[in-house]
Amino acid sequence: MHRLVIQAPNIATQDLKQLARLSDAYQIDAINQQAFRLLGAHIDNDEAVADFCESNQLDYAFIPEDVAVNDIGLVVMDMDSTLITIECIDEIADMVGIKPQVAEITAAAMRGELDFKASLTRRVALLAGLEESALARVYDERLQLMAGAEKMLKGFQQAGARTLLISGGFTFFTERLQNKLDLSRAIANVLEISNGKLTGQVNGDIIDAERKKAELIAYREELGLRRDQVVAIGDGANDLPMLFEAGYGVACHAKPLVRAEAPYSINQVGLEGVLNYFL
């Protein structure tokens, strides 16, 4: 048996009743004003539920009824456009007036149209000569957490889960977010800086899709967890391998390709929607 979790800013009672009929659920419970769980839902009715939710702008997820939040031992997150609302490299580029050029490459990479390593190398090269202080300006003036991020993290952390922030972005930002949000571990690319300026190079190996997947597996095994005790959240094509490696791989406000392929998807609500799966 599964519970069917339905989420959106506004959910009509008649929609919940129709979903209960479509999924053969026997009970509707409110998690909060924007989230409901339908108990006893049949997952073999997934297609009808998916079509109805798509038509009515509702997020849905079939979750095994015997899974609770304290069963989740590890939450793995992408940073840009997932844990935070911006793409840091695009905002850094804006400091030198080249945001459109860089953002175009970022978007193509996130859609899976460009190799991530090659695209990042191209984008970072365009930043050569920029003052290091521009990074602090981006963090202070432009970086915002995704809606629901703190609520989600607090819920999982209080239940005992470890957290891993792994990003194709930069350690300048992940380290600050790790401290701010009390994250267990953070991994990202290191921008090379010389005489207070960006050189246009990255130190060491670039964090790509395979590295994200590998780090998830390594941390999961280190903690002695099963696959179904791991949640992973991302928005870009380079997040898909790690989403597939988790028991619950969630596309968060993701690109269409990622939304179509990811096992779970959050489009209508914030990151608190991931926590609601397990409440």
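The structure this text deals with has already been given above.
Residues numbered from 1 in each chain as written. Predicted model: local features only at pLDDT ≥ 70, side-chain atom pairs only at ≥ 80, totals over all residues. Heavy atoms only, no water.

A. Highlighting the sheet that holds strand S5 (residues 74-77). Read from one edge to the other, the open sheet built from seven strands follows the order S8-S7-S6-S5-S9-S10-S11, with strand pairing classed as mixed. Edge positions in the sheet fall to strand S8 (197-203) and strand S11 (264-266), since each has one partner strand and no second. Pairwise comparison of adjacent strand axes, ignoring direction, gives a mean angle of 25° for this sheet. The pairing of S5 with strand S6 (residues 162-170) spans four bridges and is parallel. Note on S6: the bridge partner recorded for Val75 is Thr163. Running over the sheet, helix H8 (residues 149-158) touches S5, S6 and strand S9 (230-234) and is turned about 155° from S5. (Pairing = 2+ DSSP bridges. Helix = DSSP H or I, 4+ residues; strand = E, 2+ residues; numbered from the N terminus. Axes fitted to C-alpha atoms, helices over the stretch in contact; angles between N-to-C directions. Contact = heavy atoms within 4.5 Å.)

B. How the structure looks around the environment of Asn45. Residue position: Asn45 is located in the loop between strand S3 (35-41) and helix H2 (46-55). Along the sequence, Asn45 and Leu22 sit 23 residues apart, while their C-alpha atoms lie 6.8 Å from each other. The contact partners of Asn45, leaving out residues within four places of it in the chain, are Leu22, Ser23 and Asp24. One polar contact links Asn45 to Asp24, side chain to side chain, over a distance of 3.3 Å. (Polar contact = N/O pair within 3.5 Å; in protein donor to acceptor, adjacent residues only side chain to side chain.)

C. Representation of the state of the cysteines. One pass over the structure, following the stated rule, counts zero disulfides. Cys88 takes part in no disulfide bond, and the closest cysteine sulfur to it belongs to Cys252, at a distance of 15 Å. Residue classification places Cys88 among the buried residues on the basis of a relative accessible area of 1%. (Disulfide = S-S within 2.5 Å. Buried < 20%, exposed > 50% of the residue type's maximum accessible area, 1.4 Å probe, protein only.)

D. A look at the packing of helix H5 (residues 99-110) against helix H6 (residues 116-125). Relative orientation of the contacting elements H5 and H6 amounts to 170°, with a least axis distance of 10 Å. For the element pair H5 / H6, the angle class is roughly antiparallel. Seen from H5, the contacting residues are Val102, Ile105, Thr106, Ala109 and Met110; seen from H6, they are Phe116, Ser119, Arg122 and Arg123. For the contact of H5 with H6, the residue count by class is five nonpolar, two polar and two charged. (Parallel < 35°, antiparallel > 145°, perpendicular 65-115°, else oblique. Nonpolar A, V, L, I, M, F, W, Y, C, P; charged D, E, K, R; others polar.)

E. Fine view of the sheet that holds S3. Pairing is antiparallel across the open sheet formed by four strands, whose spatial order is S2-S3-S1-S4. Each having just a single partner strand, strand S2 (27-32) and strand S4 (59-64) make up the two edges of the open sheet. For this sheet the average axis-to-axis angle between neighbouring strands, irrespective of direction, equals 25°. In this structure, strand S1 (residues 2-7) lies alongside S3, joined through six bridges in antiparallel fashion. Bridging across to S3, Arg3 finds its partner in Leu39.

F. Molecular detail of the packing of aromatic side chains. This model, assessed by the stated rule, comprises seven aromatic pairs. For the pair Tyr248 and Phe278, a centre-to-centre distance of 5.0 Å together with 85° between the ring planes defines the contact as edge-to-face. One end of the pair, Tyr248, is in strand S10 (residues 248-252); the other, Phe278, is in the segment after helix H13 (272-276), with 30 residues separating them in the sequence. With relative accessibility at 5%, the residue Tyr248 sits in the buried group. Taken together, the aromatic side chains of Phe156, Tyr248, Tyr264, Tyr277 and Phe278 make up a single cluster linked through ring pairs. The cationic tip of Arg176 hangs over the ring face of Phe172; the distance from NZ or CZ to the ring centre is 3.6 Å. (Phe/Tyr/Trp six-rings, centres within 6.5 Å; stacked < 30°, edge-to-face > 60°. Lys NZ or Arg CZ within 6 Å of the ring centre and 35° of its normal.)

G. Structural context of the pattern of salt bridges. Per the counting criterion, the structure on display carries 16 salt bridges. Here Glu91 makes a salt bridge to Arg142, at a shortest N to O gap of 2.7 Å. Of the two residues, Glu91 sits in helix H4 (residues 88-94) while Arg142 sits in the loop between helix H7 (133-141) and H8, which places them 51 residues apart along the sequence. Classification of Glu91 as buried rests on a relative accessible area of 10%. When the shortest N-O distance is used, the salt bridge between Asp235 and Lys255 registers 2.4 Å. Pair noted here: Asp235 is in the loop between S9 and helix H11 (240-245) and Lys255 is in the loop between S10 and helix H12 (256-261), with a separation of 20 residues, a long-range link. The exposure class assigned to Asp235 is buried, which follows from its relative accessible area of 0%. Each of the salt bridges in this network shares a partner with another, and the network as a whole consists of Glu91, Asp94, Lys99 and Arg142. (Salt bridge = Lys/Arg side-chain N within 4 Å of Asp/Glu carboxyl O.)

H. View of the nonpolar core. Of all hydrophobic cores here, the largest spans 62 residues; its most connected members are Leu83, Phe156, Phe173, Ile233 and Phe278. With near-sequence residues (within four places) excluded, Phe278 lies in contact with Arg3, Ile63, Val67, Ala68, Val69, Ile72, Phe156, Val231 and Tyr248. Core analysis: the second largest hydrophobic core is formed by 19 residues, Leu74, Leu243, Ala254 and Ala262 among them. (Core = buried A, V, L, I, M, F, W, Y, C linked by side-chain atoms within 4.5 Å.)

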